[in-house]
Amino acid sequence: MKQPNLPIEASESIYSQIKAVLLGARAKVLTTVNTAMVQAYWHVGKLIVEAQGGEDRAAYGDDLIKRISSRLTSELGKGFDASNLRNMRSFYLAFPNCDALRHNLSWTHYRSLIHVSNPDARKYYEEEASTGRWSTRQLERQIATQYYERLLSTHRDSSEVRELIKKNIPAKPENFDPLSLVHDPYILEFIGAKEDVVWRESELEQALISHLEEFLLELGRGFAFIGRQKRITIDGQHFYPDLVFYNVLTHSYVIIDLKMRKVDYSDVGQMQLYVNYYNRDVCQPDDNPTIGIILCSEKNDTVIEYTLGDRKDIGVYSAKYDLVMPTKEELTREIELTRHKFKMING
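The rules we used
Residues numbered from 1 in each chain as written. Predicted model: local features only at pLDDT ≥ 70, side-chain atom pairs only at ≥ 80, totals over all residues. Heavy atoms only, no water. Axes fitted to C-alpha atoms, helices over the stretch in contact; angles between N-to-C directions. Helix = DSSP H or I, 4+ residues; strand = E, 2+ residues; numbered from the N terminus. Parallel < 35°, antiparallel > 145°, perpendicular 65-115°, else oblique. Left-handed = near helix turned anticlockwise from the far one by under 90°. Contact = heavy atoms within 4.5 Å. Nonpolar A, V, L, I, M, F, W, Y, C, P; charged D, E, K, R; others polar. Core = buried A, V, L, I, M, F, W, Y, C linked by side-chain atoms within 4.5 Å. Buried < 20%, exposed > 50% of the residue type's maximum accessible area, 1.4 Å probe, protein only.

Caption draft 1: Expanded view of the packing of helix H6 (residues 136-144) against helix H10 (residues 212-219). Following both chains from N to C, one finds H6 and H10 inclined at 45°, their axes separated by 11 Å at the closest point. With respect to H10, the element H6 is oriented oblique. Read as a crossing pair, H6 and H10 show a hand that is right-handed. Only Glu-213, Leu-217 and Glu-218 of H10 make contact with H6, whose side of the interface consists of Gln-138, Arg-141 and Gln-142. A class-by-class count of the residues in the contact of H6 with H10 yields 1 nonpolar, 2 polar and 3 charged.

Caption draft 2: Focus on the nonpolar core. Ranked by size, the top nonpolar core spans 33 residues in total, and within it Phe-91, Phe-95, Leu-101, Trp-107, Tyr-110, Leu-113 and Tyr-125 carry the most contacts. Here this core takes 6 residues from helix H3 (residues 82-94), the largest share from any one element. Beyond its immediate stretch of four places on either side in the chain, Phe-91 contacts Val-38, Tyr-41, Trp-42, Leu-101, Trp-107, Tyr-110 and Ile-114. Phe-215, Leu-219, Val-254 and Leu-258 belong to the second-largest nonpolar core, a separate cluster that totals 26 residues.

Caption draft 3: Spatial organisation of unusual backbone geometry. Each neighbour pair has its own omega, and for Asp-184 with Pro-185 the value is 0°, a cis peptide bond. Following the sequence through the fold, Pro-185 ends up in the loop between helix H8 (158-162) and strand S1 (186-187). Residue Gln-229 is not a glycine yet carries a positive backbone phi of 50°. You can see Gln-229 is positioned in the loop between strand S2 (223-228) and strand S3 (232-234). Taking the relative accessible area as the measure of exposure, Gln-229 reaches 31% and is therefore partly exposed. Here the phi dihedral of Asp-235 falls at roughly 50°; this positive angle occurs in a residue that is not glycine. Mapping Asp-235 onto the fold places it in the loop between S3 and strand S4 (237-239).

Everything listed here is a matter of geometry and, on its own, says nothing about what the molecule does.
Structural data, given as structure tokens:
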């Protein structure tokens, strides 16, 4: 007797379920293998460091690594050259607690992290990469653009940055620091701009929307995109903030306006209007005050200071953006300049 064929819908459903099971198993295998390899490399690094104890590390240590590398490569194949064994040694020295290693970070992640000399920055990147599930490319980009140092430039000390590293989303932060959502400068190299091309504000806005994932990474943890050109109507007049976000960690709206020039007082007044409107008519009782960031090609802190006067309750800030990746020296100078200006303004 001929068996009836399954309906196409049922067949597709079974296929999808079987595929999900197999992909899930494959992901678990890859995770298990990755964890085992990372831990193995940590133990290799530990053995190398311990073997070098009490000896001339510059001479004996390098000779030891070369001899071990030669034998491992001969017996186990590629992946054990002297450079990689030195990375394993550095891995152990930078992360001495094997139990604290992140299971969702690969050896490539940790190979990037061991080259971060500042222990606080290294810890920050490790935490953010693990929590945000950054790809190795994203991690390398954040390190290359000195994201931690840029974030630190608008804070008094590194303890405030450490407070930003949260494992759980709070119901509402008790001590809300609006500057936790601002750093300076912002690096927007991912949009592919060229130095000799003049952009319009609408073009920059569209480019950021087209590269939203990269822009959210640059903004920081907890940002959710609400919309662009969100209309505000006041007494029949319409206003259109460029970009509106909500930060789920701080429970606050963040409004960003883009300026392809130096900030002037009208820009500050306009952002002040946006912030006041959101605080009064959009925010819910559990929300913290709205933050307004004027992203500009050139800052003007004095204009903002005089426009807002002594009002500390209005979270309006300006920050410079770079459309192309600065050199390490240029970026370091910009960070130091921002830190100096912040200290001068805030005492």
